[in-house]
Amino acid sequence: MRAEAQQYIERIDAALDLLRRFLDWDRALRRLDELNARVEDPTLWDNQKLAQEVMRERTRLEAAIGATRAIESEKNDTAELIEMAEAEGDEDMVSEAIASLKALADRADEDKIRALLAGEADASDTYLEIHAGAGGTESQDWAEMLSRMYRRWAERRGYKVELVDYQAGDQAGIKSATFLFKGENAYGYAKTESGVHRLVRISPYDSSARRHTSFSSVWVYPVIDDNIDIEINESDLKIDTYRASGAGGQHVNTTDSAVRITHVPSGIIVASQNDRSQHKNRATAMNMLKARLYEAELRRREEAASGEYQAKTEIGWGHQIRSYVLQPYQLVKDLRTGVTSTSPDDVLDGALDPFMAAALSQKVTGEKVDVEDVD
């Protein structure tokens with residue numbers, strides 16, 4: 001079989017293998033049989049809430065198992081068709097079948113990602129914070145570049161973007177910014193971006209045109225709904241008000257309407273200056289705090305399940321999850337998965353999906369990749 005067709009088949013097989021591992025295939029099949037039996041029991045509907053939960057789980061499992069089987073069957077049929085066409089010397093049929101394999105590989109990848117976004121909060125809207133590291137203007141400019149990158153990524157996915165908090169840099173860029181992304185699976189995708197991001201470039205602020213390394217951190221946490229109860233003691237909070245600063249327009253206020261809340265036991269700090277009303281900013285900040293505490297609990301559960309611990313680290317060398325090199329060569333490299341791009345301009349314009357997909361897959365496989373950072 002031709003190399004191009006074999007590459008598509010290997011892509012499909014890799015996606016199917018990940019889907020089966022994610023579903024725990026044998027357990028999923030047994031569970032679906034159990035759910036089908038329960039649905040046939042007329043007494044199930046005596047409890048409407050339970051019945052709806054059973055039906056939702058059954059529908060989800062049926063869809064996942066059915067999609068996996070359909071892709072497997074279509075792959076096998078198409079591979080057989082290619083072999084027959086090659087044997088008969090029918091080049092048009094071979095080309096058509098290979099195109100079908102490519103489309104099937106794309107579909108398998110999409111189904112894989114949809115399945116991976118099944119975490120407790122993955123479907124939620126999300127907050128995304130960016131903080132400049134040490135290094136003054138260099139790091140603050142890098143933080144602003146990251147803020148644009150994530151806004152462009154969100155726009156590509158059709159998400160609504162709101163600026164919640166903004167602290168301008170001393171000369172250029174930003175010290176910090178918090179965005180709210182609203183859209184399907186916003187948290188599920190964006191959560192893979194939490195960590196330190198490193199930039200290497202010829203500095204536009206250095207008259208000697210020397211190469212500089214800058215760091216900024218990204219922190220992602222889900223918006224929680226009213227059904228999730230997070231208890232916070234008022235005595236644990238330090239609440240400050242200050243005058244909003246920003247890029248202009250609605251973010252320039254003449255009163256101390258911005259609110260910063262520090263949760264003393266955890267050290268978590270959140271802030272909001274998006275509204276002219278101090279009351280509304282305080283309510284937004286409280287929602288952000290609850291979301292941060294909820295995300296911390298989700299992370300603790302995940303770490304306990306995997307037997308690992310990854311605390312929030314300092315914004316500097318040795319802690320980065322991804323490096324972006326603009327000079328003397330062009331390369332973006334993820335240090336968790338090994339995924340690379342030789343087009344930093346595209347990545348900085350929001351082309352982040354390959355990095356996110358690989359990070360999501362790694363959470364399922366648990367496979368660690370030995371990746372060396374770039375110079």
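Remember, it's a predicted structure, so these values are computed and weren't measured experimentally. (Residues numbered from 1 in each chain as written. Predicted model: local features only at pLDDT ≥ 70, side-chain atom pairs only at ≥ 80, totals over all residues. Heavy atoms only, no water.)

**A look at the packing of helix H1 (residues 3-23) against helix H4 (residues 91-116)**
Stated precisely, the cut-off is as follows: Axes here mean lines fitted to C-alpha atoms, for a helix over just the part in contact, with angles spanning 0 to 180 degrees between N-to-C directions. In DSSP terms, a helix is any run of H or I states spanning at least four residues, a strand is any run of E spanning at least two, and both are numbered starting from the N terminus. Any angle that falls under 35 degrees is termed roughly parallel, while one over 145 is termed roughly antiparallel, one within 65 to 115 roughly perpendicular, and all others oblique. Note on convention: near helix rotated counterclockwise from far helix by under a right angle means a left-handed crossing. Clockwise means right-handed. Whether two residues are in contact is decided by their heavy atoms: any pair within 4.5 Å suffices. Residues are sorted three ways: Asp, Glu, Lys and Arg are charged, Ala, Val, Leu, Ile, Met, Phe, Trp, Tyr, Cys and Pro are nonpolar, and all the rest, Gly among them, are polar.
The N-to-C vectors of H1 and H4 enclose an angle of 20°; their axes lie 9 Å apart at closest approach. The angle between H1 and H4 places the two elements in the roughly parallel class. H1 and H4 meet at a crossing whose hand is left-handed. For the pair formed by H1 and H4, the contact residues are Glu4, Ala5, Tyr8, Ile9, Arg11, Ile12, Ala15, Leu18, Leu19 and Phe22 on the first element and Ile98, Leu101, Lys102, Leu104, Ala105, Asp106, Ala108, Asp109, Asp111, Lys112, Ala115 and Leu116 on the second. Across the contact of H1 with H4, the residue classes break down as 15 nonpolar, no polar and seven charged.

**Some words on the sheet that holds strand S11 (residues 340-341)**
Filter applied, for reference: Should DSSP find at least two bridges between two strands, the strands are taken to pair.
Pairing is mixed across the open sheet formed by eight strands, whose spatial order is S2-S3-S1-S5-S4-S9-S10-S11. Strands at the two margins of the open sheet, each flanked by one partner only, are strand S2 (160-168) and S11. Note: strand S4 (residues 195-202) against strand S9 (residues 320-325), five bridges, orientation parallel. Looking across to S9, one finds that Arg198 is bridged to Ser323. Most of the contacts of helix H5 (residues 137-156) go to strand S5 (residues 211-222), to which it runs at about 45°, and overall it touches strand S1 (126-132), S2, strand S3 (174-182), S4, S5 and S9.

**Re the environment of Leu199**
With respect to the helices and strands, Leu199 occurs in strand S4. In sequence terms Leu199 and Glu138 are 61 residues apart; their C-alpha atoms lie 9.6 Å from each other. With residues up to four places along the chain from it excluded, the contact list for Leu199 reads Trp142, Met145, His212, Thr213, Ser214, Tyr324 and Leu326.

**Considering the packing of aromatic side chains**
Here is the rule we go by: Pairing of aromatic rings covers Phe, Tyr and Trp, the last counted by its six-membered ring, and requires centre-to-centre distances within 6.5 Å; plane angles under 30 degrees mean stacked, over 60 mean edge-to-face, and any other angle means tilted. Remark: a charge is flagged as sitting over a ring if the NZ atom of Lys or the CZ atom of Arg is within 6 Å of the ring centre and within 35 degrees of the ring normal.
This model, assessed by the stated rule, comprises five aromatic pairs. Their ring planes at 20° and their centres at 6.2 Å tell us that Phe179 and Phe181 sit as a pair that is stacked. Each member of the aromatic cluster is reached from another via a ring pair, and the members are Trp153, Tyr159, Phe179 and Phe181. Residue placement shows Arg20 over the ring face of Trp25; its charged tip is 5.4 Å from the ring centre.

**Re the packing of H1 against helix H9 (residues 353-365)**
Where H1 contacts H9, the two axes come as close as 9 Å, and the packing angle between them is 50°. For the element pair H1 / H9, the angle class is oblique. With respect to the hand of their crossing, H1 and H9 are arranged in left-handed fashion. Along the contact surface, H1 presents Leu18, Arg21 and Phe22, while H9 presents Ser361, Val364 and Thr365. Looking at the contact of H1 with H9, its residues break down into three nonpolar, two polar and one charged.

**Some remarks on helix H3 (residues 48-88)**
Basically, it comes down to this: Here the expected length of a helix is defined as 1.5 Å per residue gap, with one fewer gap than residues. The cut-offs for exposure are 20% and 50% of the maximum accessible area for each residue type, with area from a 1.4 Å probe on protein chains only; residues under the lower value are buried, those over the upper are exposed, and the others partly exposed. For this analysis, a polar contact is any N or O atom pair within 3.5 Å, provided that within protein one partner can donate a hydrogen and the other can accept it, and provided that sequence-adjacent residues contribute only side-chain to side-chain pairs.
In a regular helix each residue adds 1.5 Å, so 41 residues correspond to 60 Å; H3 covers 59 Å between its end C-alpha atoms and thus fits that length. If you check which residues of H3 are buried, you get Ala51, Val54, Leu61, Ile65, Thr68, Ile71, Lys75, Thr78, Ala79, Ile82 and Ala85. Looking at the buried side of H3, the elements it contacts are H1, helix H2 (25-39) and H4. Where H3 begins, the capping side chain belongs to Asn47, and its oxygen is found 3.3 Å from the backbone nitrogen of Lys49. Phi for Gly89, located one or two positions after H3, is positive at around 70°.

**Brief notes about the nonpolar core**
The condition is simple: Side-chain atoms within 4.5 Å link the members of a nonpolar core, which is a set of buried Ala, Val, Leu, Ile, Met, Phe, Trp, Tyr and Cys residues.
Counting 59 residues, the largest nonpolar core has Tyr150, Trp153, Phe181, Leu289 and Tyr324 as the members making the most contacts within it. Those residues in contact with Tyr150, other than ones at most four positions away along the chain, are Leu128, Ile130, Phe181, Glu193, His197, Val218 and Leu352. Judged by nonpolar contacts, the second largest core, of 19 residues, contains Ala5, Ala85, Ile98 and Ala105.

**Thoughts on the pairing of strand S7 (residues 258-263)**
Taking burial as the measure, the six residues of S7 include five buried ones, the bulk of the element. With six bridges connecting them, strand S6 (residues 237-242) and S7 associate as antiparallel partners. Residue pairing for S7: Lys238 is matched across the bridge by Thr262. Two elements, S7 and strand S8 (residues 268-272), share five bridges in a ladder whose sense is antiparallel. Bridge pairing links Arg260 to Ala271 in S8. In textbook terms, the turn of a hairpin is the stretch between consecutive antiparallel strands, and for S7 and S8 this stretch comprises four residues, one of which, Gly267, has a positive phi near 80°.

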